[in-house]
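A closer look at the structure
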Amino acid sequence: MSKVIREGFAQFSKRQQEGVSLVTDAINQEDSEQKVYSEWLEKRLDRKRKLLYQELDLILRHKSEVLATPRYADIDVHYAFSGFVGYARASTRRDLSLGSSWAVVNLSLASLLKIWEEEHFQVKCDCGGTAYIYKFGGMPGSGASYASAFCPHCKQEIHNIRNRSPWKYYHIATDAFTAEVTRFVENFLDKWKIANEKYQENLKDEHRNPRTQPVNMLRGDAAPCCIETLIQELRLKEFGESTKEANHDS
Ligand SMILES: [Zn+2]
């Protein structure tokens, strides 16, 4: 027979209170860590955003190379673009979550460059160059909109761009990002299928490497790259070309 433990109300309250305060401490700790992490992340993304726009002319000079090179084309730039119409935000980042695990799909540099190919996202700058809209907002009812653009030629910002369809902004941006998510999922499924087929083939080999599980074969085709590396590589490339020209001239 199990022993019944009797606990007085005062004791019960005290234990509950201590228990609750333990949980509260853990939650407070989690909240404050989350806050520090968010601030750190915001600072980091702000630095990346500034770098991308400051060097946008460099990136655009090498646009075809960027689009043709997967490790450049796939660079995450979700922080560099934003827009909404009413409460509908144009997604630039999506968690594909399944329970406690997830994969994150970000707006890629290739998609951003494609969005900027649309006239709706271009503005003529006073310097004569083309500026690109990186932020928009609008009202679904009135059709009012406002946007901000950046000119890579004179490195000036243009604000207060009005009278353009807010939904057109939204659909162009959302379609580009949806295509990105679709590509990711399809690519993932293809990779899984191929990895599984290879694994089945490997099973026939009794001396097989135990690491040839399908899950170990799920990786990208190229080493991941970031905006900082891209800019450094493009600068080095231009530097190499200019010294070659200088040598040729002399
Ligand atoms: Zn300009």
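Above this note sits the structure.
Residues numbered from 1 in each chain as written. Predicted model: local features only at pLDDT ≥ 70, side-chain atom pairs only at ≥ 80, totals over all residues.

Another point: the overall build of the protein chain. Along the protein chain, the regular secondary structure elements total seven helices and eight strands. Taking 2.2 N^0.38 as the reference for a compact globule, 250 residues should give roughly 18 Å; the C-alpha atoms of the protein chain span a radius of gyration of 26 Å, well beyond that estimate. Judged by the C-alpha coordinates and their principal axes, the protein chain covers about 95 × 65 × 40 Å. Every one of the 250 residues in the protein chain was classed for burial, and the buried ones make up 19%. In the protein chain, the proportion of contacts linking residues at least 24 apart, taken out of those at least 6 apart, comes to 61%. (Helix = DSSP H or I, 4+ residues; strand = E, 2+ residues; numbered from the N terminus. Rg over C-alpha atoms; globule rule 2.2 N^0.38 Å. Buried ≥ 20, exposed ≤ 12 C-beta atoms within 10 Å, placed from the backbone. Contact = placed C-beta atoms within 7 Å.)

A few words now on helix 7 (residues 227-249). Look at helix 7: 33 Å from first C-alpha to last across 23 residues, which is about the 33 Å you get at 1.5 Å a residue. With two of its 23 residues buried, helix 7 lies for the most part at the surface. (Expected span 1.5 Å × (residues − 1).)

With that settled, the discussion passes to the nonpolar core. Counting residues in hydrophobic clusters, the biggest one holds 36 residues, and the most contacted among them are Val77, Leu112, Tyr132, Ala149 and Ala173. When residues of this core are traced back to their parent elements, those giving at least two are helix 2 (56-61), helix 5 (109-115), strand 6 (130-138), strand 7 (145-151), helix 6 (166-202) and helix 7. Broken down by element, this core gets its largest block of residues, six residues, from helix 6. Among residues more than four places away in sequence, those in contact with Ala173 are Gly83, Ala90 and Ile115. (Core = buried A, V, L, I, M, F, W, Y, C linked by C-beta atoms within 7 Å.)

Attention now moves to the pairing of strand 4 (residues 101-106). Across six bridges, the pairing between strand 3 (residues 93-98) and strand 4 is antiparallel. Directly across from Arg94, in strand 4, lies its bridge partner Val105. (Pairing = 2+ DSSP bridges.)

Here we come to the pairing of strand 1 (residues 82-85). On any regular strand, side chains alternate: one points to one face of the sheet, the next to the other face. Residue alternation in strand 1 divides its side chains into a buried set, Gly83 and Val85, and an unburied set, Ser82 and Phe84. Here strand 1 pairs with strand 2 (residues 88-89) via two bridges, running antiparallel. Each residue of the ladder has a partner; that of Phe84, found in strand 2, is Arg89. Connecting strand 1 to the next strand, strand 2, in antiparallel fashion are two residues, including Gly86 with a positive phi near 55°.

So, on to the environment of Ala26. With respect to the helices and strands, Ala26 occurs in helix 1 (residues 9-54). Once the C-alpha coordinates of Ala26 and Ser101 are considered, the two residues, 75 residues apart in sequence, prove to be 23 Å apart.

With that settled, the discussion passes to unusual backbone geometry. One non-glycine residue, Asn160, lies in positive phi territory at about 65°. You can call Asn160 exposed: it has 7 C-beta atoms within 10 Å. The residue Asn163 is not glycine, and still its phi comes out positive at about 60°. Relative to the elements of secondary structure, Asn163 occurs in the loop between strand 8 (156-162) and helix 6. In this structure Asn163 comes out as exposed when scored by C-beta crowding, with 8 C-beta atoms within 10 Å.

Its 37 residues place the ends of helix 6 54 Å apart at the C-alpha level, agreeing with the 54 Å of an ideal helix rising 1.5 Å per residue. Where helix 6 is buried, its residues contact strand 1, strand 2, strand 4, helix 5, strand 6 and strand 7.

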